[in-house]
Amino acid sequence: MKKTLIVALAVIGLLATVLMAAPAKKMIQVKGSDTMVNLVQILAEEYMGKNPGAAIAVLGGGSGTGITGLINQTCDIADHSREWRQKEIDQAWEKGVSPRFFIVAVDGLSIVVNEKNPIEKLTMAQVGALYRGEIKSWKMLGPYEKPVSLYGRQSNSGTYTFMQEFVLGNKNFSTDTKEMNGNAQIIESILQDESGVGYVGVGYLYDKDGKIRKGLRVLNISKTPDGEAFAPTDKAAIDSGKYPISRPLFQAANGKPNAEIAAFIAWETGPEGQAIVEREGFFAISPVHKAQNDKNLK
Amino acid sequence: MKKRTWTNLKESAIRAFFLTCGILAVLVLIGIFATLLYTAVPAFKEIRLSEFLLKKNWDPTSPEKAEFGILSMIVSTLMVTGGALLLAVPIGIGVAAYLSDVAHWRVREIVKPIVEILAAIPSVVVGFLGIVLFGPAIAKIFHTGNGLNAINGSVLLAIMSLPTIISISEDSLNSVPPAYNEASLALGASRWQTLFRVKVPAALSGIIAACMLGMGRAIGETMTVLMATGNARAFPHGFLSSVRTMTANIAIELGEVPYYTTHYYALFAIGLVLFIMTFIVNMAADIILHKYQEREQ
């Protein structure tokens, strides 16, 4: 009996050792922002088409997931639509990870409603009040007799954090906000829910033919109550900063990127990559961003 | 002599293998519970247990004030699970009774495998059905604008727990000794009376076990409710409001939470509460089973 017990324990020990040995990896792993996942997927596919030796796997999950992934070294590039928190940078340094940031595209965060909703523009303050739960009925904003039904993202989303900081004024989201898995799910819900309002990356507004999705109304947003309102699809307004909630979309790598990662990032932020960024509905980066990227690549 | 040593060796090797399997199962269970406890306890250095269990607000990443109350999630979990049982238990027992006593054997040969295949549908697919099919239908029926609410979750979980309930109930109805059936009919009872006054009570322990197993499936299910219930953090106002269950909350937040923070420990504490809840359900099922078995003997 004793012998059998020893044998049994030895077998368990052996199994554990085999399971502990991690498999080696070679592919470039990209993980993070759900707003960016489709864009980066397409960039990676086109890049791999041109460079048959390259292997890139792109995953979503939210900016927070990507950042945690880079800190724990389970991915090589983190996509993120918000900046890193100080806590995350500290944690990265503690683990010997020194993140370098690259801006690969610019997004106009879009506020969308169902097309049955007659409201066309909102001020920043109104959007904030909606999401803080202070405006419960569309009647308070225009001629529409419906309760407000809020759609948002989950707290691991960079867009969630960006909204909270820049639109809600660092206040809590209304607890009635339905927290969806991604941009696409928000769009699907808004198309069905006549009283709904949601926020998504500008690239998600378009259908296959590059037109705004049918059934969707994209609201114009103004900075101040008497200011002019602009659409997130308006390139001039994004470039000039007149659209109040545009934001850079980042990628982070650990330290000075190795040759393969650097080549991919350089291509993404170069003319070919940026043409795809614009084709997918996002906006190209400015020369200032470009100069900063080039500095971080060296 | 040689042959005998070989047989002995073989026998002890087989015994060792089964012992390994047994120990492994126990070790895994103890390991899971220990890890859960070890990782959950530090949460209560910073959160009072009463606040954790009785406060309604959960907002660990709030820029104003981090809040760690899980009452809304507990209530949501119970609502969705309770709703699912309310739908699945009558239907499940009905189908089981039909299959065991009413259906022609050919129908049973076809229907039973189909019911069992229902169990093999991945939860993501069921959740997807909730978004594209049940959600819009519920929105239309109740005029709510959207169908991402507790009812949707209940319907989906009912579908997911039906195969368990039907299959095990039907087995236990079938294992009622035929003498019960014959005696009841011989005494002049109708088939309906026989089925519901004799067979169902005789098979009750199995049926209750089936329902409890179905409940176990529903309470721990994550992906489906995550996709279909809307995940609003508010305390549920009713079955038509969007709810966030404990499982969904863990799934949403564990991926990004910074390790070894209060938030991280609190998520494990939710896991521990969930573990205790399922443990109580299983214990209750066990006690009920034993009680009925004693009465039968």
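From a predicted model like this one, the values you see are computed outputs, not experimental measurements.

Student: How do you make sense of the overall build of chain B when you look at a structure like this?
Tutor: If you tally the helices and strands in chain B, you get 13 helices and two strands. Reported as C-alpha extents along the three principal axes, the dimensions of chain B are approximately 75 × 75 × 35 Å. Every one of the 297 residues in chain B was classed for burial, and the buried ones make up 36%. Partitioning the intrachain contacts of chain B with sequence separation of at least 6 by distance along the chain shows that 72% fall at a separation of at least 24.

Student: How do you make sense of the pairing of strand S4 (residues 99–108) of chain A when you look at a structure like this?
Tutor: Strand residues, when the strand is regular, have side chains that alternate between the two faces of the sheet. All names here are of chain A. Of all ten residues that make up S4, seven are buried, and the element is covered over most of its length. Pairing of S4 with strand S12 (residues 246–254) involves nine bridges; the strand directions are antiparallel. Of the residues in S12, the one forming a bridge with Val106 is Pro248.

Student: Just checking my understanding: could you explain the domain arrangement of chain A for this structure?
Tutor: In many reports, interface size means the accessible area that the parts give up when they come together. All names here are of chain A. Domain annotation for chain A reports domain 1 (25–106 + 249–297) and domain 2 (110–240). Between domain 1 and domain 2, the C-alpha centre-to-centre distance is 26 Å. Facing 18 residues of domain 1, the contacting portion of domain 2 comprises 16 residues. When contributions to the side of domain 1 that touches domain 2 are tallied by element, the ones reaching two or more residues are helix H2 (34–50) and helix H3 (63–71). When residues in the side of domain 1 that touches domain 2 are grouped by element, the largest group, four residues, is from H2. Split by residue class, the side of domain 1 that touches domain 2 holds four nonpolar, eleven polar and three charged.

Student: What exactly am I supposed to notice about the interface of chain B and chain A here?
Tutor: Residue-level contacts link 30 residues of chain B with 33 residues of chain A. Among the elements of the structure, helix H1 (2–40), helix H6 (123–142) and helix H12 (246–254) of chain B are those that each provide at least two residues to the side of chain B that touches chain A. For the side of chain B that touches chain A, the element with the highest residue contribution is H1 of chain B, accounting for seven residues. Here the side of chain B that touches chain A is built from residues that sort into 13 nonpolar, eleven polar and six charged.

Student: Help me out: how do you make sense of the packing of helix H9 (residues 259–269) of chain A against helix H10 (residues 271–279) of chain A in this one?
Tutor: Between two packed helices, what matters for the description is the angle formed by their axes and the separation of those axes. Residue and element names in this part refer to chain A. As a packed pair, H9 and H10 sit with axes 4 Å apart at the nearest point and diverge in direction by 55°. Accordingly, the angle class assigned to the pair H9 and H10 is oblique. Taking contact as the criterion, the partners of Trp267, Glu268 and Thr269 in H9 are, on H10, Glu272, Gly273 and Gln274.

Student: Can you help me understand the sheet that holds strand S3 (residues 77–80) of chain A in this one?
Tutor: Neighbouring strands of a sheet are bound in pairs by backbone hydrogen bonds; such pairs are parallel or else antiparallel. Residue and element names in this part refer to chain A. Pairing in this open sheet of five strands is mixed, and the strands run S2-S1-S3-S12-S4 from one edge to the other. With partners counted over all chains shown, the strands left at the sheet margins are strand S2 (56–61) and S4, one partner each. Taking the axes of each pair of neighbouring strands and ignoring which way they run, one obtains an average angle of 20° across the sheet. Inspection of the sheet shows strand S1 (residues 28–32) paired to S2 by five bridges, in the parallel sense. Following the sheet pairing, Lys31 is matched in S2 by Leu59.

Student: Looking at this structure, how should I read the domain arrangement of chain B?
Tutor: Residues and elements named next belong to chain B. Under the domain assignment used here, chain B contains domain 1 (2–40) and domain 2 (53–296). On the side of domain 2, six residues touch domain 1, which itself brings four residues to the contact. Among the residues making up the side of domain 1 that touches domain 2, the classes are represented as three nonpolar, one polar and no charged.

Cut-offs applied
Residues numbered from 1 in each chain as written. Chains lettered and ligands numbered in written order. Predicted model: local features only at pLDDT ≥ 70, side-chain atom pairs only at ≥ 80, totals over all residues. Helix = DSSP H or I, 4+ residues; strand = E, 2+ residues; numbered from the N terminus. Buried ≥ 20, exposed ≤ 12 C-beta atoms within 10 Å, placed from the backbone. Contact = placed C-beta atoms within 7 Å. Pairing = 2+ DSSP bridges. Domains from an automatic or database assignment. Nonpolar A, V, L, I, M, F, W, Y, C, P; charged D, E, K, R; others polar. Axes fitted to C-alpha atoms, helices over the stretch in contact; angles between N-to-C directions. Parallel < 35°, antiparallel > 145°, perpendicular 65-115°, else oblique.

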